[in-house]
Amino acid sequence: MTIAHHPEDTLLLDHAAGTLDEGAALAVAVHLTFCAECRAAVTRMEALGGALLDDIAPVAVGRQSLDAVYARITRMESREATGLLTETSAERADPLPAPLRPYARGGLRSLAWRRTGRIREARLGLAAAGPWRASLIRMSAGAAVAAHTHGGTEYTVVLQGGYTDETGSYAPGDFARAGPDIGHRPCADPGEDCIVLAVQDAPVRFTGPLMRFLNPVLR
Amino acid sequence: MFALQRSMVPTHVGALDRRASKFAERPARGGARPRAEAGVSPVPGQASDGERFAALVAAVAAQADRTAFAELFAYFAPRVKSFALRGGADPATAEEIAQDTLAIVWRKAGSYDPSKAAVSTWIFTIARNRRIDLIRREGRAELDPDDPGLAPAPAPTGDAVVAARQTTRLVRDAVDGLPDEQREVLELAFFGDRTHPEIAEALGLPLGTVKSRIRLALGKLETALKGTLS
């Protein structure tokens, strides 16, 4: 599988440094499941982080710190023994990419899908407070999402099928960035439903004549 | 095999102390670093820091070796604490992040793979994830290496461990050779808990300038690593 659309290297760096908000980090992490090339790039960036950590001026830890670490280890071991930290085999068998699993414990079917015509959307619950929202969007084969622009930044990763819009064609693993400068009308390719992860830090704004009136009530 | 690694442990205490004091003199951020020391080879006959740390992690994994762990702790806990403080954590939280990180090092020592990353890189990623968990209280979207959906990486060529060692040295040299302005941006990204747009704002620079500094630094890394990673 060849991935044609990747996150910018500066976004990968933010991910390697651990500074992205949860929603953006989720989109990048899902892309990485599909893309060995970007994984290798992130690995190289993490090596930069390791080299910088070697160079950092150390700050003395508390006198009892090592003992406290052993106490933590003991607590971790007892928690693992009671099974609180282990994944169930059902979760292992879930076909969703690993980064999405915590947000859809029971798989795709367990999510609350909201239907608008031939488009279905399931909101994922992010743990962090803040403006980011994440959804899985399922477009029936050949169906289009109404034309819209973006109030902020939107990252989209294709999980299944494919779609085409004014900026190009996107297949599984492809990563798309859209901002206020980009208006589009994504249309699922024929033959297969298209499922994407979409994360946004501001709501979209519909621009078509019929959909515009929905803007105040969405989100 | 680990009998050899175990015998290595006590002989390197001196080297560890020397290195710790060397870095203790460094300024907290960018600025004048003792460049002259970059690239100095380890004492002849002794393993490099990277190999020594890998041997210590192996000793922890194989036999819960507390002496080996105490050495890892002495080197890395103060660095992880410093890393957390630079990211804006209060001292108590920074101490917590350092303790958590080292506890995870103990628990996960068996899954450390010296062919994939240097010990300092591995510990950086653990500390980074703990910082996210503790400061932001949000789950980290983590890759699962056993994920059946994970696109296969290209097959490694040659001896992966040797390649990883070489990579560590090349990354080290590339970082040492960065101009201060590029290093500053990288340190703000990795330690300052700032995204690149936030870095631009903090430094009062156009976003494009920050991006190009990041790209110049990444470009040097790529050039240095060309042919060693695939």
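Residues numbered from 1 in each chain as written. Chains lettered and ligands numbered in written order. Predicted model: local features only at pLDDT ≥ 70, side-chain atom pairs only at ≥ 80, totals over all residues.

*Asks:* Which residues make up the interface of chain B and chain A, and what are the values?
*Replies:* The interface of chain B with chain A comprises 68 residues on the first partner and 52 residues on the second. The set of elements that each furnish at least two residues to the side of chain B that touches chain A consists of helix H2 (13-24), helix H4 (66-86), helix H5 (91-108), helix H6 (119-136), helix H7 (160-176), helix H8 (180-190) and helix H10 (207-225) of chain B. A per-element tally of the side of chain B that touches chain A places H6(B) first, with 10 residues. Each residue belonging to the side of chain B that touches chain A can be placed in one class, and the counts come to 37 nonpolar, 11 polar and 20 charged. (Contact = placed C-beta atoms within 7 Å. Helix = DSSP H or I, 4+ residues; strand = E, 2+ residues; numbered from the N terminus. Nonpolar A, V, L, I, M, F, W, Y, C, P; charged D, E, K, R; others polar.)

*Asks:* Mind laying out the pairing of strand E2 (residues 119-124) of chain A, listing which residues take part and the relevant values?
*Replies:* Residue and element names in this part refer to chain A. Pairing of strand E1 (residues 113-116) with E2, which is carried by 4 bridges, proceeds in the antiparallel orientation. Along E2, the bridge assignment pairs Thr116 with Ile119. Counting the residues between successive antiparallel strands, the hairpin from E1 to E2 contains 2 residues, one of them, Gly117, with a positive phi of roughly 60 degrees. (Pairing = 2+ DSSP bridges.)

*Asks:* I'd like a rundown of the sheet that holds E1(A), residues and numbers included.
*Replies:* Residue and element names in this part refer to chain A. Taken in spatial order, the 6 strands line up as E1-E2-E3-E10-E5-E8 in an open sheet, and their pairing is antiparallel. The open sheet has two free edges, formed respectively by E1 and strand E8 (175-178), since each of these has just one partner strand. This sheet shows a mean twist of 25 degrees between the axes of neighbouring strands, independent of strand direction. Relative to strand E10 (residues 194-200), strand E5 (residues 154-160) is paired through 6 bridges, and the arrangement is antiparallel. Note that in E10 the partner of Val157 across the bridge is Leu197. (Axes fitted to C-alpha atoms, helices over the stretch in contact; angles between N-to-C directions.)

*Asks:* I'd like to hear about the environment of Thr33(A), residue by residue, with values.
*Replies:* All names here are of chain A. Tracing the sequence through the fold places Thr33 in helix H2 (residues 22-34). By the C-beta count within 10 Å, which is 23 here, Thr33 ends up buried. Residues Thr33 and Pro99, spaced 66 residues apart in sequence, show a C-alpha to C-alpha distance of 8.3 Å. (Buried ≥ 20, exposed ≤ 12 C-beta atoms within 10 Å, placed from the backbone.)

*Asks:* So what's going on with the nonpolar core? Residues and values would help.
*Replies:* Leu197(A) and Leu72(B) are the most contacted members of the largest nonpolar core, which totals 107 residues. When residues in this core are grouped by element, the largest group, 11 residues, is from H4(B). Setting aside residues no more than four positions away along its own chain, Leu197(A) makes contact with Ala27(A), Val30(A), Leu100(A), Ala134(A), Leu136(A), Thr156(A), Val157(A) and Leu159(A). (Core = buried A, V, L, I, M, F, W, Y, C linked by C-beta atoms within 7 Å.)

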